[in-house]
Amino acid sequence: MEFVQFHPTVLHTREGQGFLISEATRGEGATLRTPGGTRFMPAYDPRAELAPRDVVTRGIYDAMRREGTNHVLLDLTHHPAAYLKLRFPTICTRCLAEGIDPATDPIPVAPAAHYLMGGIRTDINGATSLAGLYAAGECACTGVHGANRLASNSLLECLVFGRRCADAALEQWTGDGKGKAAWQATGVEYAACLYPSLPPLPVPHLTYHTPPVAPPGWRSSLAAIMSTGAGPLRSADRLLEALRRLEAFPMQGFAPDPETITAANAALVARLIVAHSLAREESRGAHRRVDFPQTDEAWQVHLVSRRGTRPYPVATVTEMDHPQPATDYPYPVDHQLPVWGDWCLLPVPQLRNGPLAEAYPVP
Ligand SMILES: Cc1cc2nc3c(=O)[nH]c(=O)nc-3n(C[C@H](O)[C@H](O)[C@H](O)COP(=O)(O)OP(=O)(O)OC[C@H]3O[C@@H](n4cnc5c(N)ncnc54)[C@H](O)[C@@H]3O)c2cc1C
């Protein structure tokens, strides 16, 4: 969950609605500058603006912090307006709607969270550890991205794994292998078209508990906490502060109110991201710890958190082993560590002295 890819150049507007300024603009020679006009990427990487996405993101983020600003400028003004309109019609239209003319004005941009490489652990058919529950797309962790992700890999996640999930679910549903064969025989792509007569899924009667109501403005508060604490450059101090602030959010959403459920789910995901980021005391792929800048071979593992168990490292995320009880845990564990609910997250595999040796409980 600690591996979050940030897109380097999202249009910075007062409303904060994300609109991506394509990386192709840098391919066309756009330069990144501080609000004062200084070009800064050459100081971070010899490839400057053409460095990979995560490198450029970190360069921008660092430049923003040094300058004390919330954006930098993407300068395309060396191209004539007609050329920009031809090459980047959507970007031009959107920028002009915001009162920015890319032919004359550098575009204000800032990095923003773009893709979560982690997610619900699945096997190669999208099956999760809960029988009958499949996950495909960005919510799933199939292991294909590793610690970083190539642009446009969503096609693989959504199309290939979506299809594999559908195959596997049909197979499981009909139980005799006929479902998949019948589907393939028709050549029709969508299971929903083919199986109108499948029995409805049993929906258990839900009992709603008194809701821990979503705090007003939770989306922007959560976004602010995550931007400050778990952005492209992370440190124990800021992650711990984020974890503390996240405690204000309800983590259980048993309420007949979609907003509360959404808030609780978002807070849980945020907490997992922060806790895993805190645990991983190294820098790798999209996860960059300023207090642990090196990549550490001992951390060449996936971290898995699971309800009722301690999180544990696995070599490959799809191996679907069973979680190890604390007694079999391969790394030193303090059994007296506090547990929040029945979840507990420990920094593994290296437990250190100091604040990071504490438990980071996850609901
Ligand atoms: C601005 C932006 C640009 C991107 N550009 C690219 C790109 O160029 N190339 C690329 O490969 N990837 C890109 N990505 C990443 C890519 O878009 C996502 O990884 C991909 O869309 C994930 O697909 P998904 O189906 O898993 O999730 P989503 O597309 O998020 O779909 C989830 C769906 O579930 C619905 N939903 C949520 N909760 C519920 C609920 N409780 N009940 C019912 N429905 C629900 C949502 O409304 C949504 O329709 C981009 C991401 C962003 C944010």
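Now for a description of the structure that goes with this document. Model, not experiment: these values are computed from the prediction.

## Some points on the nonpolar core
One recurring pattern in soluble globular proteins: nonpolar side chains tend to sit buried together.
For step 1, the next point in the chain: The biggest cluster of nonpolar side chains holds 53 residues, and the ones touching the most others in it are L74, I107, V109, A242, L246 and V274.
For step 2, the next point in the chain: For this core, the element with the most residues is helix 10 (residues 258-279), which contributes 10 residues.
For step 3, the next point in the chain: When near neighbours in sequence (up to four residues on either side) are disregarded, L246 contacts I225, A267, A270, R271 and V274.
For step 4, the next point in the chain: Residues A127, A136, A169 and L170 belong to the second largest nonpolar core, which totals 10 residues.

## A word on the packing of helix 8 (residues 218-229) against helix 9 (residues 236-246)
For step 1, the next point in the chain: One can describe the packing of helix 8 onto helix 9 by two numbers: an axis separation of 8 Å at closest approach and a directional angle of 165°. In terms of orientation, helix 8 and helix 9 fall into the roughly antiparallel class. The two elements helix 8 and helix 9 cross, and the hand of that crossing is left-handed. Where helix 8 approaches helix 9, its residues I225, M226, T228 and G229 are matched on the opposing element by R238, L239, E241, A242, R245 and L246.
For step 2, the next point in the chain: Partitioned by chemical class, the residues of the contact of helix 8 with helix 9 number 5 nonpolar, 2 polar and 3 charged.

## Regarding the sheet that holds strand 2 (residues 31-33)
For step 1, the next point in the chain: If you walk across this open sheet you meet the 4 strands as 1-4-3-2, and the pairing is antiparallel. Of all the strands in the sheet, just strand 1 (4-11) and strand 2 have a single pairing partner and so form its edges. Direction aside, neighbouring strands of the sheet carry axes that sit 45° apart on average.
For step 2, the next point in the chain: As paired elements, strand 1 and strand 4 (residues 107-116) share 6 bridges and run antiparallel to each other.

## Digging into the site of the ligand
For step 1, the next point in the chain: Taken together, 13 residues are adjacent to the ligand, and L20, G137, E138, S152 and S154 come closest.
For step 2, the next point in the chain: Elements with a contribution of two residues or more to the shell around the ligand: strand 4 and helix 5 (154-174).
For step 3, the next point in the chain: It is helix 5 that contributes the most residues to the shell around the ligand, 3 residues altogether.
For step 4, the next point in the chain: There are two domains that each give the shell around the ligand at least three residues, and those are domain 1 (4-116) and domain 2 (120-174).

## Comments concerning the pairing of strand 4
For step 1, the next point in the chain: Counting buried positions over the 10 residues of strand 4 gives 7, a clear majority of the element.
For step 2, the next point in the chain: Pairing of strand 3 (residues 72-75) with strand 4, which is carried by 3 bridges, proceeds in the antiparallel orientation. Among the inter-strand pairings, L73 is bridged to a residue of strand 4, identified as P108.

## Some thoughts on the environment of S235
For step 1, the next point in the chain: With respect to the helices and strands, S235 occurs in the loop between helix 8 and helix 9.
For step 2, the next point in the chain: By C-beta crowding, S235 is classed as partly exposed, having 16 other C-beta atoms within 10 Å.
For step 3, the next point in the chain: In this structure the C-alpha to C-alpha distance between S235 and F292, which are 57 residues apart in sequence, comes to 8.1 Å.
For step 4, the next point in the chain: Discounting chain neighbours no more than four positions away, the residues touching S235 are R289, V290 and D291.

## Section: the packing of helix 8 against helix 10
For step 1, the next point in the chain: Relative orientation of the contacting elements helix 8 and helix 10 amounts to 5°, with a least axis distance of 11 Å. Between helix 8 and helix 10, the crossing angle belongs to the class labelled roughly parallel. Residue-level inspection shows W218, L222, M226 and G229 of helix 8 in contact with helix 10, the latter providing A263, A266, A267, A270 and V274.
For step 2, the next point in the chain: Here the residues of the contact of helix 8 with helix 10 sort into 8 nonpolar, 1 polar and no charged.

## Quick notes on the environment of V55
For step 1, the next point in the chain: By the secondary structure assignment, V55 is in helix 2 (residues 53-67).
For step 2, the next point in the chain: The sequence separation of V55 and D45 amounts to 10 residues, and the corresponding C-alpha distance is 7.7 Å.
For step 3, the next point in the chain: Excluding its chain neighbours within four sequence positions, the residues that come into contact with V55 are Y44 and D45.

Rules of the game
- Residues numbered from 1 in each chain as written.
- Predicted model: local features only at pLDDT ≥ 70, side-chain atom pairs only at ≥ 80, totals over all residues.
- Core = buried A, V, L, I, M, F, W, Y, C linked by C-beta atoms within 7 Å.
- Buried ≥ 20, exposed ≤ 12 C-beta atoms within 10 Å, placed from the backbone.
- Helix = DSSP H or I, 4+ residues; strand = E, 2+ residues; numbered from the N terminus.
- Contact = placed C-beta atoms within 7 Å.
- Axes fitted to C-alpha atoms, helices over the stretch in contact; angles between N-to-C directions.
- Parallel < 35°, antiparallel > 145°, perpendicular 65-115°, else oblique.
- Left-handed = near helix turned anticlockwise from the far one by under 90°.
- Nonpolar A, V, L, I, M, F, W, Y, C, P; charged D, E, K, R; others polar.
- Pairing = 2+ DSSP bridges.
- Near = placed C-beta within 6 Å.
- Domains from an automatic or database assignment.

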